[in-house]
Amino acid sequence: LVGAPGGGGILHHHGRSLPDWNSGLIDIREFRIGDKIMTVDKRILIIGAGVSGIGAARLLLDAGACPVIYDGNTSLKEEALRDKLPESSDFRIFLGELPEKEKKETEVVVLSPGVPAELPLVEELRENGAEIWGEVELAYHFAKGRLAAITGTNGKTTTTALVGEILRSFYQEVFVVGNIGNAYTGEALKMSESSVTVAEISSFQLETIRSFHPQVSAILNITPDHLDRHHTMECYMRTKELIARNQEAQDTCVLNYDDEETRRFGELVKASVLYFSRKHILDRGVYLNGARIIYNDGREQTEICDISELHLLGSHNHENVMAAIAIGIAMGVPLPQIRRTVTEFRAVEHRIEFVAEKNGVVYYNDSKGTNTDASIKAVEAMTRPTLVIGGGYDKHVEFDDWVKTFDGRVKQLVLLGATAGQIADTARRYGFEHIAFAESMEEAVEICAEKAEPGDAVLLSPACASWGMFQNYEERGRIFKDCVKRL
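Residues numbered from 1 in each chain as written. Predicted model: local features only at pLDDT ≥ 70, side-chain atom pairs only at ≥ 80, totals over all residues. Heavy atoms only, no water.

Student: Quick question: what am I supposed to make of helix H1 (residues 51-63) here?
Tutor: An α-helical segment advances 3.6 residues per turn. Residues three or four places apart therefore align on the same side. In this model H1 runs 18 Å from its N-terminal to its C-terminal C-alpha over 13 residues, within 8% of the 18 Å that 1.5 Å per residue would give. For H1, every residue scored as buried is listed here: Ser 52, Gly 53, Ile 54, Gly 55, Ala 56, Ala 57, Leu 59, Leu 60 and Leu 61. The first or second residue beyond H1 is Gly 64, which carries a positive phi of 105°. (Helix = DSSP H or I, 4+ residues; strand = E, 2+ residues; numbered from the N terminus. Expected span 1.5 Å × (residues − 1). Buried < 20%, exposed > 50% of the residue type's maximum accessible area, 1.4 Å probe, protein only.)

In structure tokens, the structure reads:
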């Protein structure tokens, strides 16, 4: 559509109104993504119709594009997907197979995080000349204001949620987005130059960044995970480090001094590094001294709080709190607001979340313990004899380190899912024989309830992803809580 100059009228495109700027002909087939001019007639393909994919579609539709949405899952319903987008929108949906015509004509591909960049379909589209983007990269180009981005194997969700609360204690316009369950693309157009955003970014999302540039980045830790996707630890580590790829000297990178890999990376990153540590006294950074969390700005030391004032269980959460404090400082939040927020903050859902006490037994939901390192921290946080529910999707990792933490802590292991046999074999190698198997979460909870004694704890911390039995770890955690509440 082309508008005439001086008309003072309104142009309509896909049901939305665009003003006539009185500055000559307006070709509204074009829109800008950062420094790149995109056109409405460019064939943009979104792969993945989940939360991220729908968020990307909505963002592109609002920008004036006509994307194609594709998902290989034939059980999805086209009408249900259309209901999630504006009724007057101009887009097409393909489920199951993508027609050859679409493969050949696609010029830009936007991948949802769950779609591997090495997928044969993606490789074919790349070979056909399509440009490959990620959902986070797309959102970044439309977003405004300042950005803090957080990655790491474990602790991302708790730290991101806490940073969001720290920012809200000082700033008026705050967005919490990303892998935490609120798609970055769904919020990007709402942001202004005065807004501040904290984003939880997974390794899957970092695979496809190009110019993504947070003012503050953070890598909380790096331990084995997602090797079914990244194949090697080297590849996994390098992917995590991409979060600081485009940072400059005026930016800040928050890193874990106690993690050998992130400490090494601190010597290579361009940004100014702010460390946090649970084990070392730092000349500059946030650290734990006895039971006190201290911030040293390089000149003077300020006590933030005592760990007895925190509502979060476990030493790993002390690290998460220190990381959040460092990020808050780098984002300009005064220390008094930070102190008040961290002492008031409570655990996020599915992360060592207290569920209920039944017959003297306390139940904790740690469904977000989707890898061995996260589940090790959850087991170590328990202060009672514990019955653990574990097992799930096979990500091709070993369970030895997790099982080694059972001695003196875990009295019963209840297993379910694809990895049940492997975990059981590992446990027996280390002399742990108190093992039971369940076919469902309901059965696992019932077994624990039968075997637990007053004063015990039951902990769902699977050390595995949820896929295969559940849609995601949230569904797994909610089902566990429902089973506990029905006891």
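Student: Got a minute to help me understand the sheet that holds strand E25 (residues 435-437) in this structure?
Tutor: Read across the open sheet, the six strands follow the order E21-E22-E26-E23-E24-E25; overall the sheet is mixed. What marks the edges here is a single partner per strand, and that holds for strand E21 (353-358) and E25. Averaged over all pairs of adjacent strands, the angle between their axes in this sheet comes to 20°, without regard to strand direction. Sheet topology places strand E23 (residues 386-390) next to strand E26 (residues 457-460); four bridges connect them, and they run parallel. Bridge pairing links Val 388 to Leu 459 in E26. Relative to E25, helix H16 (residues 420-429) is tilted by about 170°, and along the sheet it contacts strand E24 (410-415) and E25. (Pairing = 2+ DSSP bridges. Axes fitted to C-alpha atoms, helices over the stretch in contact; angles between N-to-C directions. Contact = heavy atoms within 4.5 Å.)

Student: What should I look at first to understand the sheet that holds strand E9 (residues 92-95) in this one?
Tutor: One key point about sheets: their strands pair by backbone hydrogen bonds, in either a parallel or an antiparallel sense. Pairing is parallel across the open sheet formed by five strands, whose spatial order is E9-E8-E7-E10-E11. Each having just a single partner strand, E9 and strand E11 (131-134) make up the two edges of the open sheet. On average, each strand axis in the sheet is tilted by 25° relative to the strand beside it, whichever way the strands run. Here four bridges tie strand E8 (residues 68-71) to E9, and the two strands are oriented parallel to one another. Bridged to Val 68 within E9 is Arg 92. Packed on one face of the sheet, H1 meets strand E7 (44-47), E8 and strand E10 (108-111) and runs near 160° to E7. Of the strands in this sheet, E7, E8, E10 and E11 touch helix H4 (residues 120-127), which is tilted by about 165° from E7.

Student: Looking at this structure, how should I read the packing of H1 against helix H5 (residues 135-142)?
Tutor: Angle between the axes and distance between the axes: these two values describe a pair of packed helices. Direction vectors running N to C along H1 and H5 enclose 35°, while the axes themselves pass 10 Å from each other. For the pair H1 and H5, the sense of crossing is left-handed. For the pair formed by H1 and H5, the contact residues are Ser 52, Ala 56, Leu 59, Leu 60 and Ala 63 on the first element and Glu 135, Leu 138, Ala 139 and Phe 142 on the second. Class assignment of the residues belonging to the contact of H1 with H5 gives a composition of seven nonpolar, one polar and one charged. (Left-handed = near helix turned anticlockwise from the far one by under 90°. Nonpolar A, V, L, I, M, F, W, Y, C, P; charged D, E, K, R; others polar.)

Student: What is the right way to look at the packing of aromatic side chains in this model?
Tutor: Working definition: an aromatic ring pair is given by the centre-to-centre distance plus the angle between the planes. Taken as a whole and judged by the stated rule, the model has eight aromatic pairs. Seen from their ring centres, Tyr 393 and Trp 467 are 5.1 Å apart, and the 70° between their planes marks the pair as edge-to-face. Here the residue Tyr 393 occupies a position in the loop between E23 and helix H15 (400-404), and Trp 467 occupies one in the loop between E26 and helix H18 (473-485), the gap between them amounting to 74 residues. Cluster of aromatic residues (ring-pair linked, three or more members): Phe 399, Trp 402, Phe 406 and Phe 432. Lying over the aromatic face of Tyr 257, Arg 263 brings its terminal NZ or CZ to 5.1 Å of the ring centre. (Phe/Tyr/Trp six-rings, centres within 6.5 Å; stacked < 30°, edge-to-face > 60°. Lys NZ or Arg CZ within 6 Å of the ring centre and 35° of its normal.)

Student: Is there a simple way to think about unusual backbone geometry in this case?
Tutor: Most peptide bonds adopt trans geometry, and most residues besides glycine take a negative phi value. For His 350, which is not a glycine, the phi torsion comes out positive at approximately 75°. Here His 350 lies in the loop between helix H13 (335-344) and E21. Positive phi values are uncommon outside glycine, yet Ala 463 reaches one of about 65°. Looking at where Ala 463 falls in the secondary structure, it is placed in the loop between E26 and H18. With a relative accessible area of 1%, Ala 463 lands in the buried category.

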